[in-house]
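# Residue-level structural notes
The primary structure of each chain is shown beneath.
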Amino acid sequence: MKKIEAGSLYLKQHRNIFQCPICKGSFETVDGHSVVCANGHHFDVSKKGTLHLLMKGGQNEYGKEMLSSRKNLADTGFFYPLLDAVYAHIDNPESAIVLDVGCGEGSHLHYLTEKGLAGTKVGFDISKDAIQLAAGNFFEDAFWCVADLAHSPFAESAFDAILNIFSPSQYQEFDRVLKPGGKVIKVVPNAKYLIELREQLYALDTTKREYDNQQVVDRFYEIYPDAVSEEVIYTVDLDEKSYGWLMEMTPLSWGASEESLANAAANPLKSVTVAVTLLVASKTI
Ligand SMILES: [Zn+2]
């Protein structure tokens, strides 16, 4: 089946988990390769089988090169231990309906699918390039769409779990689209995340070298007083290639001086620490 057909068929079967981002009405029909709301707003499935649900053009903060570096690094297993920890918090992974918020180029959902996440999955990102890559590489793993949480195209009480891995949050929106008892699983870097890289790039600039996630953690507990948290910390060995991908992937390198970047390129790190905090909570109402 062509991807555009597969995407349209998917929407026929699952249109109830989406809503029109313009009027927030439900999608009533799938007409050919378009999904149509009660007020006649329609959105076309792309040739790649994805759906573009943004009202304005997408932001492309992350260029194609950066996205493919992230994929290459992900393929080396860089994120596997943290994703294993995420997976352990998903109830009934064989059937859970899961939304990956800010899914990027799709590697995380792909790995989780390989582990056994087998229900309906939707990955969305504001970057069209990211979604094209996701649909190109991991079409079978999820339905991929370009969307913005601020104009949410997802229906109320539609999801069992929300994955919020290194991406921005909108807790009110998460609560709206989660089923009662559904879970939000958020991953934030903590103080030791890529510490070796930050020391290398910002030897003299302590404000950029140090990172503290306390505000994010406090905010999460304010919204979800019964939340639990878990620290995941591990070391990843790097070779020249994977070090290069890491440098291209991380926003940490954006603010570094040319001198620091040249020094880093001449002295590639042999290993780096991945240290994150998992924040997990259930929707109580
Ligand atoms: Zn509409």
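Residues numbered from 1 in each chain as written. Predicted model: local features only at pLDDT ≥ 70, side-chain atom pairs only at ≥ 80, totals over all residues. Heavy atoms only, no water.

Right, let's talk about the UniProt feature "binding site: Zn(2+)" (unreviewed entry) in the protein for a bit. Residues given the UniProt feature "binding site: Zn(2+)" (unreviewed entry) here are C20, C23, C37 and H41. Spanning 22 residues, the named residues form one tight spatial group whose C-alpha atoms are at most 8.5 Å apart. With respect to the helices, strands and loops of the structure, C23 is situated in the loop between α1 (3–14) and β1 (27–31). Looking at the element boundaries, H41 is found in the loop between β2 (34–37) and β3 (42–44). (UniProt positions renumbered as here; feature names shortened; annotations may be inferred. Helix = DSSP H or I, 4+ residues; strand = E, 2+ residues; numbered from the N terminus.)

The subject of this paragraph is the coordination of the zinc ion. Each pair of donors in an ideal octahedron of six around a metal sits at 90 or 180 degrees, and each pair in an ideal tetrahedron of four sits at 109.5 degrees. Taken together, the protein donors to the zinc ion comprise C20 (SG), C23 (SG), C37 (SG) and H41 (ND1), at separations of 2.1 to 2.3 Å. For the zinc ion, the single-chain donor residues occur in sequence as C-x2-C-x13-C-x3-H. The partly exposed category is assigned to H41, whose relative accessible area is 24%. (Donors = N, O, S within 2.8 Å, 3.2 Å for Na, K, Ca; no water. Buried < 20%, exposed > 50% of the residue type's maximum accessible area, 1.4 Å probe, protein only.)

For the rest of this paragraph, the subject is the UniProt feature "binding site: S-adenosyl-L-methionine" (unreviewed entry) in the protein. The feature "binding site: S-adenosyl-L-methionine" (unreviewed entry), as annotated in UniProt, sits at F79, E105, G106 and Y193 in this numbering. Residue position: F79 is located in the loop between α2 (64–75) and α3 (80–88). F79 gets classed as buried once you look at its relative accessible area, which sits at 3%. Of note, E105 is situated in the loop between β5 (98–101) and α4 (107–115).

Take S260: it is sitting in helix α11 (residues 258–266). A distance of 2.9 Å separates the side chain of S260 from the side chain of S257, its partner in a polar contact. (Polar contact = N/O pair within 3.5 Å; in protein donor to acceptor, adjacent residues only side chain to side chain.)

Before going further, it helps to examine the side chain of S152. Here S152 lies in the loop between β7 (143–146) and β8 (159–165). Within the structure, the side chain of S152 is placed 3.3 Å from the side chain of R176, a separation counted as a polar contact. Other than its neighbours up to four places away in sequence, S152 contacts Q19, C20, P21, E173, R176 and V177. (Contact = heavy atoms within 4.5 Å.)

The next point concerns the nonpolar core. With 53 residues, the main nonpolar core has F78, L82, W144, L163, L197 and L246 as its most contacted residues. Setting aside residues no more than four positions away along its own chain, L246 makes contact with L73, F78, L194, L197, L238 and V272. Counting 40 residues, the second largest nonpolar core, distinct from the first, contains L53, V101, F124 and V188. (Core = buried A, V, L, I, M, F, W, Y, C linked by side-chain atoms within 4.5 Å.)

Our focus in this paragraph is unusual backbone geometry. At K24, a position not held by glycine, the phi torsion is positive, near 65°. For K24, the location among the structural elements is in the loop between α1 and β1. The phi dihedral of L194 is positive, around 50°, even though this residue is not glycine. Looking at the secondary structure, you find L194 in the loop between β9 (178–189) and α7 (195–201).

Domains assigned within the protein are domain 1 (1–49) and domain 2 (54–190 + 210–230 + 275–282). A separation of 22 Å is found between the C-alpha centroids of domain 1 and domain 2. Buried surface at the junction of domain 1 and domain 2, summed over both partners, amounts to about 1500 Å²; 65% is from carbon and sulfur atoms. It is I17, Q19 and K48 that lose the most area in domain 1 upon contact with domain 2, and together they represent 37% of the buried surface on that side. Here domain 1 is connected to domain 2 by zero salt bridges. Our enumeration of links across domain 1 and domain 2 arrives at five residue pairs in polar contact (both at pLDDT 80 or more). The residue makeup of the side of domain 1 that touches domain 2, split by class, is eight nonpolar, five polar and two charged. (Domains from an automatic or database assignment. Buried area = accessible area lost by both parts, 1.4 Å probe. Salt bridge = Lys/Arg side-chain N within 4 Å of Asp/Glu carboxyl O. Nonpolar A, V, L, I, M, F, W, Y, C, P; charged D, E, K, R; others polar.)

Attention now goes to the sheet that holds β9. Read across the open sheet, the eight strands follow the order β4-β7-β6-β5-β8-β9-β11-β10; overall the sheet is mixed. Each edge of the open sheet carries a strand with a single partner, namely β4 (51–52) and β10 (228–237). Sheet analysis places β4 next to β7, joined by two bridges and oriented parallel. For L51, the partnering residue across the bridge sits in β7 and is C145. Strand contacts of helix α9 (residues 214–223): β9, β10 and β11 (271–282), with the helix running at about 15° to β11, the strand carrying the most contacts. (Pairing = 2+ DSSP bridges. Axes fitted to C-alpha atoms, helices over the stretch in contact; angles between N-to-C directions.)

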